[in-house]
Amino acid sequence: MRRFAQVDVFTARPGRGNPVAVVLDAEGLPDEEMQRLAHWTNLSETTFVLPPTRPEADYRVRIFTPDRELPFAGHPTIGTCQALWDDGQLGPGPSWVQECAAGPVEVRRLDDGALAFAAPAPVLVEPLADEELLARALGGVRPHRPTLIGIGPVWLTGRVTPAELDALDLDAAAFRELAEVTPDVTLYAVDQAGDLHVRSFFRVDGGIAEDPVCGSGNACVARHVQLTAPDARLDGGYRAFQGRHRGRDGRITVELGERNWIGGRAVTVVSGTIAV
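Residues numbered from 1 in each chain as written. Predicted model: local features only at pLDDT ≥ 70, side-chain atom pairs only at ≥ 80, totals over all residues. Heavy atoms only, no water.

(A) Fine view of the overall build of the protein chain. Helix and strand counts for the protein chain come out as six helices and 18 strands. Taken against the 2.2 N^0.38 rule, which gives 19 Å for 276 residues, the C-alpha radius of gyration of the protein chain at 18 Å falls within 12% of a compact globule. Taking the principal axes of the C-alpha coordinates as reference, the protein chain spans close to 50 × 40 × 35 Å. Counting only residues that meet the buried cut, the protein chain has 53% of its 276 residues in that class. Here the contacts in the protein chain between residues at least 6 apart in sequence split such that 62% fall between residues at least 24 apart. Here the protein chain contributes 27 positive and 38 negative side-chain charges, whose respective centroids are spaced 3 Å apart. (Helix = DSSP H or I, 4+ residues; strand = E, 2+ residues; numbered from the N terminus. Rg over C-alpha atoms; globule rule 2.2 N^0.38 Å. Buried < 20%, exposed > 50% of the residue type's maximum accessible area, 1.4 Å probe, protein only. Contact = heavy atoms within 4.5 Å. Lys, Arg positive; Asp, Glu negative; His and termini not counted. Charge placed at Lys NZ, Arg CZ, Asp CG, Glu CD.)

(B) Broad picture of unusual backbone geometry. Residue Gly93 is joined to Pro94 through a cis peptide bond whose omega torsion reads 15°. Positionally, Pro94 belongs in the loop between helix 2 (74-86) and strand 6 (95-100). Positive phi is not limited to glycine here, since Arg145 has a value of about 50°. Looking at the secondary structure, you find Arg145 in strand 10 (residues 144-150).

(C) Up close: the nonpolar core. Ranked by internal contacts, the top residues of the largest apolar core, which has 48 residues, are Tyr59, Phe117, Leu196, Val225, Tyr238 and Ile262. For this core, the element with the most residues is helix 6 (residues 215-227), which contributes five residues. Setting aside its immediate chain neighbours within four residues, Phe117 contacts Phe72, Gly74, Thr77, Ile78, Val105, Glu106, Val107, Gly215, Asn260, Trp261 and Ile262. If you look at the next biggest cluster of nonpolar residues, it comprises 19 residues, including Leu128, Leu133, Val160 and Ala189. (Core = buried A, V, L, I, M, F, W, Y, C linked by side-chain atoms within 4.5 Å.)

(D) Fine view of the packing of aromatic side chains. Within the structure shown, the criterion is met by three aromatic pairs. Relative to Phe64, the ring of Phe48 has its centre 5.6 Å away and its plane inclined at 90°; by these criteria the two rings are edge-to-face. Of this pair, Phe48 sits in strand 3 (residues 46-50) while Phe64 sits in strand 4 (residues 59-64); the two residues are 16 residues apart in sequence, bridging distant segments of the chain. As far as the burial class goes, Phe48 and Phe64 line up, both buried. With 5.5 Å between their ring centres and 65° between their planes, Phe72 and Phe117 make a pair best called edge-to-face. Of this pair, Phe72 sits in the loop between strand 5 (69-70) and helix 2 while Phe117 sits in strand 8 (residues 115-118), placing them 45 residues apart in sequence. In this structure, Arg108 packs its charged tip against the face of Trp261, placed 3.8 Å from the ring centre. The ring of Trp85 has Arg109 sitting right over it, with the charged end atom 4.9 Å from the ring centre. (Phe/Tyr/Trp six-rings, centres within 6.5 Å; stacked < 30°, edge-to-face > 60°. Lys NZ or Arg CZ within 6 Å of the ring centre and 35° of its normal.)

(E) How the structure looks around the pattern of salt bridges. Tallied over the full model, the rule gives 15 salt bridges. Here Arg3 makes a salt bridge to Asp25, at a shortest N to O gap of 3.5 Å. Of this pair, Arg3 sits in strand 1 (residues 2-9) while Asp25 sits in the loop between strand 2 (18-23) and helix 1 (31-41), and the two are 22 residues apart along the sequence. Asp249 is the partner of Arg251 in a salt bridge, and the nearest nitrogen-oxygen pair spans 3.1 Å. Overall, the relative accessible area of 48% leaves Arg251 in the partly exposed class. (Salt bridge = Lys/Arg side-chain N within 4 Å of Asp/Glu carboxyl O.)

(F) Expanded view of the pairing of strand 12 (residues 184-190). Judged by how many residues are buried, strand 12 sits mostly within the fold: seven of seven residues are covered. Covered by surrounding structure in strand 12 are Asp184, Thr186, Tyr188 and Val190 together with Val185, Leu187 and Ala189, the residues of both alternating faces. Where strand 11 (residues 154-159) lies against strand 12, four bridges are found, and the strand directions are parallel. Residue pairing in the sheet places Arg159 in a bridge with Tyr188 of strand 12. Bridge analysis of strand 12 against strand 13 (residues 196-204) gives seven bridges, and the strand direction is antiparallel. (Pairing = 2+ DSSP bridges.)

Structure, rendered in structure tokens:
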């Protein structure tokens, strides 16, 4: 039996964010068992907490989807830190260093009790070569400066109008073709109040799935905002909302700077043990 938690991330209300499963004492668990358990939970990600190997790290995390391991992911980073805090495994903080395959990631506690991670520096930033294919995949919508941005995961990121974001009608065949270039697309719009609204899509089982609330996608949006000369309302940071089209209410805070900080509340909804 191992200690286990399920945490809802980017929300303070259970059921309104993006859940992640966390095995809090995964030392000695074979890789194949981690992958099997991640497949069984059937959540977008399951994390496994291990002793750190870096001297600056407080803990190490391995992150699995149901079918593969990821070098980094955003909402699992916040959810794992929240689970460790609730389990009494973290020092007083207010910040900690998570070790993952993408390298060390700093996580800090904000004044309102939310957590925020310093987004890894982009390892890939390049314009999309085939904007016509993207327009077909998005049902005719043409995002402003679509850019491939990688922070571990790679998201094709672009800005659209609020009306376009709300009414997206994706073409499955063109999206499958686009997935040969990039399987993941995050789009955002800025409303009149200067808040961002975000939607993230990825290919799965031959179809298209929408992520309820995506930490790495929002980190790529933050970088895209910096690259495309944002208006003054976004200078220094902003609020983002994601999940309405999935029946969720994800809320993200973004602080822009030399390091971009992606934050949100998290709540543990399941706590106990699991047999693996």
